[in-house]
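# What the coordinates show
Residue-level listing of the chains:
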Amino acid sequence: MKTKKEIRKFYKNIITSKDLTFVCEDIRDIIDCDNIGIYLNIKNEISLDNIIGDIKASIYVPYMKDDGSSLIKNALFEFHKYEGVLCFDDFNIPSSNGSCIDVDMLDVVICPGICFNKKGYRLGYGAACYDKILANFKGKIIGVCFEDCLIDYDFQEEHDVRVDYIVTEKRLYSIKE
């Protein structure tokens, strides 16, 4: 059995050769809402810049606050209103210093992943930030990854949060229970 660390390392190597600007246009069909949480890409995450300008909803982006430990896994994860002006959070991740919204006020959250399995579980950078903030989220969760990074392997653990949809550069997948 492969560990999450081994899977993460393997798929990070695949991602480095990819064009990070493509995401399936079908994502537009499932983001019609009032308030949306959407990530601003870092490292090798797929960019959503091609759709951000077209979103009619109020956009909120992740903001990571250092709890004093300087460890991202302990950070306080919030969503701040995005008004087109970038700043950087306490961990130097692109964000916004707009007003904060409670995650339960969001209708949709779009989160990146290094890979997802076909059951809808996400493998990110390993800090479980999205898993923590979305543990009791009632809205739609949309994961974004490359088609090559959608895998059959079951790596999920008890704390992992399942997404409702996965969007790749090729298509939109609806995850059924």
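Owing to the predicted nature of the structure, the values given are computational and were not obtained by experimental measurement.

Rules used in this analysis
Residues numbered from 1 in each chain as written. Predicted model: local features only at pLDDT ≥ 70, side-chain atom pairs only at ≥ 80, totals over all residues. Heavy atoms only, no water. Salt bridge = Lys/Arg side-chain N within 4 Å of Asp/Glu carboxyl O. Buried < 20%, exposed > 50% of the residue type's maximum accessible area, 1.4 Å probe, protein only. Helix = DSSP H or I, 4+ residues; strand = E, 2+ residues; numbered from the N terminus. Pairing = 2+ DSSP bridges.

Attention shifts here to the pattern of salt bridges. In total, this model carries eight salt bridges according to the counting rule given. A salt bridge links arginine 28 to glutamate 25; the shortest N-O distance between them is 2.5 Å. On the basis of relative accessibility, which here comes to 41%, the residue glutamate 25 falls in the partly exposed class. Measuring nitrogen to oxygen at the nearest pair gives 2.9 Å for the salt bridge that ties lysine 119 to aspartate 154. Here the residue lysine 119 occupies a position in the loop between strand E8 (115–117) and strand E9 (122–123), and aspartate 154 occupies one in the loop between strand E11 (150–151) and strand E12 (165–167), the gap between them amounting to 35 residues. Owing to a relative accessible area of 36%, aspartate 154 belongs among the partly exposed residues under this scheme.

To summarise the sheet geometry, strands pair through backbone hydrogen bonds and adopt either a parallel or an antiparallel arrangement. In space, the eight strands of this open sheet follow the order E6-E3-E2-E1-E7-E10-E12-E13, with mixed pairing throughout. Strands with a single pairing partner mark the edges of an open sheet, and in this sheet they are strand E6 (100–101) and strand E13 (172–174). Pairing analysis gives six bridges linking strand E2 (residues 58–65) to strand E3 (residues 76–81), with the strands arranged antiparallel. Each bridged residue has a counterpart across the sheet, and for valine 61 the counterpart in E3 is histidine 80.

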